[in-house]
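# Overview (structure and organization)
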Amino acid sequence: MNLVINPLIPALALGGLAFYFVYDTLTMSLFGALFSPLVASFMTAFVTMALYRTDPASALAAAVIIGGTLQLAALGLYTYGGASIPDFMSASMIVTYYAIAYGIPTSTAISIAVPITVILIELDVLARTLNIQFIHMADRAVELGRLWDIKWIAWLGLFPWGFSRFIPVFLGVYFGPVVAHFITTVIPAWANHGFVTVSHVLPVVGLALLLIYLPTRKYFAFALIGYALAAYLHIPVLGIFIILAGLALTYLSLRQEVSKAGSTAMDGDFNNSEGDNEMIAKPYTKLTHSDILWTYIKGLLHFQVSWNYERMQALDYLYNITHILDKLYPDPETRKRAYKLHLQFYNTNSKTHYIIQGMDIALEEQRGLDEDAINSIKTGFMGPLAGISDLFYTTLDVLILAIATSMVLSGIWWAWIARVLYGAFVLIPIRYFFLKWGYEGFAGVTKFIETLRAFTEFLSMVNIGIVAALIYLYVPVTVPITITTATHTTVSVGSLINTILPGLIPVLFAVFAYWLYTKKTGVAKVVGIIFVIAFVLGALGILG
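Residues numbered from 1 in each chain as written. Predicted model: local features only at pLDDT ≥ 70, side-chain atom pairs only at ≥ 80, totals over all residues. Heavy atoms only, no water.

## Considerations on the overall build of the chain
Scanning the chain from N- to C-terminus turns up 26 helices and two strands. At 25 Å, the chain has a C-alpha radius of gyration in line with the 24 Å of a compact globule built from 544 residues. For the chain, the spread of C-alpha atoms along the principal axes amounts to about 95 × 65 × 40 Å. Expressed as a percentage of the 544 residues in the chain, the buried residues total 56%. Summed over its atoms, the accessible surface of the chain is roughly 21900 Å², and 68% of this surface lies on carbon and sulfur atoms. Looking at the chain, you have 30 positive and 31 negative side-chain charges, and the mean spots of the two groups are 4 Å apart. (Helix = DSSP H or I, 4+ residues; strand = E, 2+ residues; numbered from the N terminus. Rg over C-alpha atoms; globule rule 2.2 N^0.38 Å. Buried < 20%, exposed > 50% of the residue type's maximum accessible area, 1.4 Å probe, protein only. Areas by Shrake-Rupley, 256 points an atom, 1.4 Å probe, with all protein chains shown as cover. Lys, Arg positive; Asp, Glu negative; His and termini not counted. Charge placed at Lys NZ, Arg CZ, Asp CG, Glu CD.)

As structure tokens, then:
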């Protein structure tokens, strides 16, 4: 560290960055840092380097190890249905700062991150709970006819969300000198050995959880192939991806050839909806292209900011189309009814949501306030689209982050930018396409769902093999014990174990974590159990 500065400055800078990160993840998802500690670590490194003028090589090396390790641990985490998950983003920011600003060993920093991730779950729950009051404020405003108030009430949810990350990062950074002094002067050598082992084992937490979400039992052969390619042929992750993709495409092609023609189960679910779509055939009769574009921009900047446990995305949905409702319903009482209607419960995938909203806008433009038809579209589509879309985007996110992380840990530090490019060129523009598609005539519902399901299946097969490879490649736990034979030859126990099966210890940890998840053990408990076991075995010198 070349400069000594007031800790308030980095605390405000990184706290503000954490505030922005949670806003970005909820809305446009350019960085998606809430699910990507890899991105959070590198951005923290850049801010810390700028403030302290530290050596870029050492700062980036810390971000590589901390961000890469915590990213692997967080790969399987996703807020399905609005569930709260361990906060790897905030933890990665705090400990990356410690490593760069105060020279704390990366293994110790990673171990410190573990309890932080678990403790901060409660702040996420608190933010979602506090946002409930704003939906009731919106109810009262609409009831009193103060419809304009929705435009600012909808933004109040940003503050519980933002401060749920700003506060822990601010405090963690501000009290960094105290923490650093404690770590460097109080923690004994044996504890540091334990922390090193924890940092090596931690990735199995996320990798095993990912295997739970993926159809691992159905496509277990891909796990064996991925593991063998990494362990025996030493092929890098990108090469493994290409091989697995080829195998998955071949399998799907052969299955399609031998499968019998016939309708899918999803056809019946969407027949009525497709019938409705035939009636939504004349866009832009009352609305303009600018109206649709403004809906997209508002959603990009706001959707999910008001997410709460009671009605979830309802206030966000309404805010996105207030300008549409104001234009379609000049009568104050009709407009008031429309606002009330869209404050009802709503929750679906934040990307394919735009299809539903586009269909709704077209319906209201043609039919007016047909409450039964509007509710039919929203309730009929939000469930099916949420289920398949959540799985699709999760598997696609994981694949991109897994490959990027493996490249980062292999020395290509700038590969973390892949997540930003994915956000900029896929996640942001695709929502406008979905909105226009829904509004201008969303035909071929069954085909769309089946295509999405097939691509998701393809990604799942590939991801299963990638995860198996990552367990071998990036869970570098070893057995540092040696034994002396009768011929007075020193033999490494770790080498003997690897002759049985390369990477056997990481595999056993992954299987154990997977077994815990199958027993409905929560993520926080699994993290704690793995932490304790790895720390004790490392402190005793059994593992390293």
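## Regarding the packing of helix H1 (residues 8–26) against helix H2 (residues 37–52)
Helix-helix packing is described using two parameters, namely the angle between the two axes and the distance between the axes. For the pair H1 and H2, interaxial distance at closest approach is 11 Å and the crossing angle is 155°. Classified by the angle between their axes, H1 and H2 sit roughly antiparallel to one another. Pair H1 / H2 crosses with right-handed handedness. Of the residues in H2, those in contact with Ile 9, Pro 10, Ala 13, Leu 14, Leu 17 and Phe 21 of H1 are Ala 40, Met 43, Thr 44, Val 47, Thr 48, Leu 51 and Tyr 52. Here the residues of the contact of H1 with H2 are counted per class, giving 11 nonpolar, two polar and no charged. (Axes fitted to C-alpha atoms, helices over the stretch in contact; angles between N-to-C directions. Parallel < 35°, antiparallel > 145°, perpendicular 65-115°, else oblique. Left-handed = near helix turned anticlockwise from the far one by under 90°. Contact = heavy atoms within 4.5 Å. Nonpolar A, V, L, I, M, F, W, Y, C, P; charged D, E, K, R; others polar.)

## Points about helix H13 (residues 220–231)
Taking 1.5 Å of rise per residue, 12 residues should cover 16 Å, and H13 covers 17 Å from first to last C-alpha, within 8% of that figure. Taken residue by residue, H13 has Phe 222, Ala 223, Gly 226, Tyr 227, Leu 229, Ala 230 and Ala 231 as its buried positions. (Expected span 1.5 Å × (residues − 1).)

## A look at the environment of Asp 149
Along the chain, Asp 149 turns up in the loop between helix H7 (132–143) and helix H8 (150–153). C-alpha separation for the pair Asp 149 and Met 137, spaced 12 residues apart in sequence, amounts to 9.2 Å. In this structure the side chain of Asp 149 is engaged in a polar contact, spanning 2.8 Å, whose partner is the side chain of Arg 146. (Polar contact = N/O pair within 3.5 Å; in protein donor to acceptor, adjacent residues only side chain to side chain.)

## Remarks on the packing of helix H14 (residues 237–258) against helix H21 (residues 371–409)
Contact geometry of H14 with H21 gives a least axis separation of 9 Å together with a crossing angle of 145°. Across the interface between the two elements, Val 237, Leu 238 and Phe 241 from H14 touch Leu 399, Ile 403 and Ser 406 from H21. Class assignment of the residues belonging to the contact of H14 with H21 gives a composition of five nonpolar, one polar and no charged.

## Here we look at the environment of Gly 145
Of note, Gly 145 is situated in the loop between H7 and H8. Residue Gly 145 is classed as partly exposed on the basis of its relative accessible area, which comes to 44%. Taking the C-alpha atoms as reference points, Gly 145 and Tyr 339, 194 residues apart in sequence, are found 9.9 Å from one another.

## Focus on the nonpolar core
Phe 21, Leu 75, Ile 466 and Leu 470 are the most contacted members of the largest nonpolar core, which has 189 residues in total. The leading source of residues in this core is H21, at 16 residues. Excluding residues that lie within four positions of it along the chain, Leu 470 makes contacts with Leu 72, Leu 75, Leu 207, Val 237, Ala 402, Ser 406 and Val 475. (Core = buried A, V, L, I, M, F, W, Y, C linked by side-chain atoms within 4.5 Å.)

## Some words on the packing of aromatic side chains
Each aromatic ring pair is described using two quantities: the centre-to-centre distance and the angle formed by the ring planes. In the structure shown here, the tally under the stated rule is 34 aromatic pairs. Centre to centre, the rings of Phe 166 and Phe 170 are 5.6 Å apart; their planes meet at 20°, and the pair counts as stacked. Linking Phe 166 with Phe 170, this pair stays in helix H9 (residues 158–174), spanning four residues, or about one helical turn. By the ring-pair criterion, three or more aromatic residues cluster together here, those being Phe 19, Phe 163, Phe 166, Phe 170, Tyr 174 and Phe 175. For Arg 128, the ring lying beneath its charged end belongs to Trp 307, and the centroid distance is 4.8 Å. A cation over an aromatic ring shows up here: Lys 378 above the ring of Tyr 317, its NZ or CZ 4.0 Å from the ring centre. (Phe/Tyr/Trp six-rings, centres within 6.5 Å; stacked < 30°, edge-to-face > 60°. Lys NZ or Arg CZ within 6 Å of the ring centre and 35° of its normal.)

## A few points about a nonpolar patch on the surface
Taken together, the side chains of Leu 8, Leu 12, Phe 159, Phe 163, Ile 167, Leu 171, Tyr 174, Phe 175 and Val 178 make up a nonpolar region of the molecular surface, amounting to roughly 810 Å² of accessible area. Broken down by secondary-structure element, the contributors of at least two residues to the nonpolar patch are H1 and H9. In this structure, Tyr 174 sits in helix H9. (Patch = residues over 30% accessible without salt bridge, like charges linked within 9 Å, V, L, I, M, F, W, Y side chains within 5 Å. Salt bridge = Lys/Arg side-chain N within 4 Å of Asp/Glu carboxyl O.)

## A closer look at the pattern of salt bridges
Opposite charge on two side chains makes pairing possible when the charged atoms of those side chains draw close. Evaluation of the coordinates by the stated rule reveals 15 salt bridges. Of the charged contacts in the structure, one is a salt bridge between Lys 218 and Glu 457, with a shortest N-O distance of 3.9 Å. Of the two residues, Lys 218 is situated in the loop between helix H12 (203–213) and H13 and Glu 457 in helix H23 (residues 445–474); the sequence distance between them amounts to 239 residues. For Lys 218, a relative accessible area of 57% gives the class exposed. Judged by relative accessible area, Glu 457 falls into the buried class, the value being 15%. Here Glu 440 and Lys 436 are joined by a salt bridge, their closest N and O atoms 3.0 Å apart. Residue Glu 440 and its partner Lys 436 are located together in helix H22 (residues 417–441), separated by four residues, close to a single helical turn. For Lys 436, a relative accessible area of 18% puts it in the buried group.

## As for unusual backbone geometry
Note: most peptide bonds trans; most residues except glycine with negative phi. Even without a glycine there, the phi angle at Arg 53 is positive, about 55°. Along the chain, Arg 53 falls in the loop between H2 and helix H3 (56–74). Among the residues examined, Arg 53 registers a relative accessible area of 59% and is labelled exposed. We note that Gln 304 has phi near 90°; this positive angle belongs to a residue other than glycine. Within the secondary structure, Gln 304 sits in the loop between helix H16 (289–302) and helix H17 (314–320).

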